[in-house]
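Geometric and topological summary
Now for the letters of each chain:
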Amino acid sequence: MTNLFLNQTLEAKRAEGKNLLIPYIMAGDGGLDILEERLAFLEACGAAAVELGIPFSDPVADGPVIQDAGQRALAGGTTLEGVLETLQTFQTLTIPVVFMTYFNPIYTYGIERFAKDCASAGVSGVIIPDLPLEEEQIVTDSLNQRDISHIRLAAMTSPDERLTAIAQRTEGFLYAVSVTGTTGARSKHDSQVKTYLQTLKTMTDAPVLAGFGISAPEQARDLSSSCDGVIIGSKIVDAFHKGETDTIKHLIEESI
Ligand SMILES: O=P(O)(O)OC[C@@H](O)[C@@H](O)c1c[nH]c2ccccc12
């Protein structure tokens, strides 16, 4: 089963006529003791869900801002175990949290144990950027048994046939990677991005969110007009690190 809390929350925001906005933050950047406060802040700003990164030593798809945040989190002693334990201590999560983690930390932790602990920590979904469709079943089955959604990523370079398979299998939402390359703010997107987003919309009933390279409300609204919303990482990670919470509030409020 897919995660109802995530599905219903996204649906409710869409029914209000809002664009979906999912901020990415790195767990443990600034310490795990501020995580609860950050989730509450993002929810109050109007975020639909939060994508929580698990720091990893070899983050192949991360750009420099996210890599640095990961290094800070690792230096502060953040582990997958610690993140799960911290989430367990929170009363109830009133905003859906989805993990963004490479496969290696899950494998090391133990796939079954990971699914079980995510469920008891209230994690709604998981994004695993380096797990190809052909290899995913062992993880997907464990997640689905615990009602955790496996959110798939679509790449602009994939042929239509593969995109269709990804779009049909995705749970919760479809993460439409909207650049070729790593994460990080960019000032503009390829003109083909909107066509790609519209094509993905025809392939699935799940919400489609564009991510990578989005850092301004105009950009977010522009891309959202071709799908259901956007994911913003580097800009938000950087603003939290600098203590610029007003920037985050403004960015979210003006994007949705
Ligand atoms: O930072 P950006 O360009 O706003 O992109 C979001 C991104 O950071 C976040 O979703 C993410 C961080 N690491 C990833 C690895 C793969 C896919 C996605 C991610």
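No experiment lies behind these values; they were computed from the predicted model shown.

**A word on the overall build of the chain**
If you tally the helices and strands in the chain, you get 12 helices and eight strands. Against the 2.2 N^0.38 benchmark of 18 Å for 256 residues, the chain shows a C-alpha radius of gyration of 17 Å, consistent with a compact globule. Nonlocal contacts in the chain, meaning residues at least 24 apart in sequence, comprise 76% of its contacts between residues at least 6 apart.

**Here's the deal with the packing of helix α11 (residues 234-241) against helix α12 (residues 245-255)**
Between α11 and α12, the shortest axis-to-axis distance is 8 Å and the interhelical angle comes to 150°. The angle between the axes of α11 and α12 places the two elements in the roughly antiparallel class. Here α11 contributes Lys235, Ile236, Ala239 and Phe240 to the contact with α12, which in turn contributes Thr247, Ile248 and Leu251. Its residues placed into classes, the contact of α11 with α12 shows five nonpolar, one polar and one charged.

**A word on the UniProt feature "active site" (unreviewed entry) in the chain**
As annotated in UniProt, the feature "active site" (unreviewed entry) corresponds to Glu51 and Asp62 in the numbering used here. Overall, the presence of 25 C-beta atoms within 10 Å leaves glutamate 51 in the buried class. Leave out the neighbours within four places in its chain, and glutamate 51 touches Ile22, Pro23, Tyr24, Val98, Met100, Ile127 and Ile231. According to the C-beta neighbour criterion, aspartate 62 is buried, with 24 such atoms within 10 Å.

**Brief notes about helix α3 (residues 64-75)**
For α3, spanning 12 residues, the distance from its first C-alpha to its last is 16 Å, which sits close to the expected 16 Å at 1.5 Å a residue. Each element contacted by the buried residues of α3 is listed here: β1 (20-26), β2 (50-53) and α11. Glycine 77 occupies a position one or two residues after α3 and carries a positive phi of about 90°.

**Comments concerning the nonpolar core**
In terms of nonpolar packing, the biggest core is built from 79 residues, with Leu21, Ala154, Tyr175, Ala176 and Leu209 touching the most fellow members. At six residues, the largest contribution of residues to this core is made by β1. Non-local contacts of alanine 176, meaning those with residues more than four positions away in its chain, are made with Ala154, Leu197, Leu200, Val208, Leu209, Ala210, Gly211 and Cys227.

**Regarding the sheet that holds β1**
Ordered by their spatial adjacency, eight strands build a closed barrel running β1-β2-β3-β4-β5-β6-β7-β8, and the pairing between neighbours is parallel. Strand-to-strand twist across the sheet, computed as the mean angle between neighbouring axes with direction ignored, equals 25°. In this structure, strand β4 (residues 125-127) lies alongside strand β5 (residues 149-154), joined through three bridges in parallel fashion. Its bridge partner lying in β5, isoleucine 127 is registered against isoleucine 151. The strands touched by helix α8 (residues 160-169) within the sheet are β5 and β6 (174-177), with β5 carrying the most contacts at an inclination of about 155°. Strand contacts of helix α10 (residues 217-224): β1, β7 (208-211) and β8 (229-232), with the helix running at about 140° to β8, the strand carrying the most contacts.

Calculation rules
- Residues numbered from 1 in each chain as written.
- Predicted model: local features only at pLDDT ≥ 70, side-chain atom pairs only at ≥ 80, totals over all residues.
- Helix = DSSP H or I, 4+ residues; strand = E, 2+ residues; numbered from the N terminus.
- Rg over C-alpha atoms; globule rule 2.2 N^0.38 Å.
- Contact = placed C-beta atoms within 7 Å.
- Axes fitted to C-alpha atoms, helices over the stretch in contact; angles between N-to-C directions.
- Parallel < 35°, antiparallel > 145°, perpendicular 65-115°, else oblique.
- Nonpolar A, V, L, I, M, F, W, Y, C, P; charged D, E, K, R; others polar.
- UniProt positions renumbered as here; feature names shortened; annotations may be inferred.
- Buried ≥ 20, exposed ≤ 12 C-beta atoms within 10 Å, placed from the backbone.
- Expected span 1.5 Å × (residues − 1).
- Core = buried A, V, L, I, M, F, W, Y, C linked by C-beta atoms within 7 Å.
- Pairing = 2+ DSSP bridges.

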